[in-house]
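Summary of structural features
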Amino acid sequence: MRVTRLAPVAAVLLALASAGCGSGEDTGRVPPAATGSLEELAAEVACEPDVQTDADEIRQAICRTAAGRFVLATFATDQGRREWTDAAEDYGGHYLVGRKWVAVGDEAVVRALRGTLGGELEAGAGHHAHGG
């Protein structure tokens, strides 16, 4: 994935990061990290994905659930997900990271999603990491 492809993604992430940093809490046990397509992951959290990017390397959608709004992205490879996350975290925000997917939103939102999707919590620049 080329860094130049990050510009539209960065704009979405910046908008989400500026929405604030929630104070969510993990709610119980964390399931194994989910796998699947963008639509399958969205269905797991009862979201109708509004697809913004539909490319071979990345598929990205805006989702809304009872927990709030977030960006869900799936990747063709683990390396593509790592490169995207490494670059995107410079913009701040909170991330829920699984194999070949990432959800980005307020801390409370990604913590709530973790109860269904599993994954690891990460925080971008300007936030402290909240591992789990």
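Below, the structure is looked at part by part. (Residues numbered from 1 in each chain as written. Predicted model: local features only at pLDDT ≥ 70, side-chain atom pairs only at ≥ 80, totals over all residues. Heavy atoms only, no water.)

1. With respect to the nonpolar core
The biggest cluster of nonpolar side chains holds 18 residues, and the ones touching the most others in it are Phe-70, Leu-72, Leu-96, Leu-113 and Leu-117. At the level of elements, helix H2 (38–44), strand E2 (58–65), strand E3 (68–75), strand E5 (101–105) and helix H4 (107–117) are the ones that each hand at least two residues to this core. Residues within four places of Leu-72 in sequence aside, it is in contact with Leu-38, Leu-41, Ala-42, Arg-59, Gln-60, Ala-61, Cys-63, Trp-101, Val-102 and Ala-103. Ala-55, Ala-73, Val-97 and Val-102 belong to the second-largest nonpolar core, a separate cluster that totals eleven residues. (Core = buried A, V, L, I, M, F, W, Y, C linked by side-chain atoms within 4.5 Å. Buried < 20%, exposed > 50% of the residue type's maximum accessible area, 1.4 Å probe, protein only. Helix = DSSP H or I, 4+ residues; strand = E, 2+ residues; numbered from the N terminus. Contact = heavy atoms within 4.5 Å.)

2. Thoughts on the state of the cysteines
Applying the stated criterion to the full structure yields one disulfide. The disulfide partner of Cys-47 is Cys-63, and the gap between their sulfur atoms is 2.3 Å. Measuring the twist about the S-S bond at about -90°, one finds the Cys-47-Cys-63 disulfide to be left-handed. Of the two residues, Cys-47 is situated in the loop between H2 and strand E1 (50–54) and Cys-63 in strand E2; the sequence distance between them amounts to 16 residues. Taking the relative accessible area as the measure of exposure, Cys-63 reaches 0% and is therefore buried. (Disulfide = S-S within 2.5 Å.)

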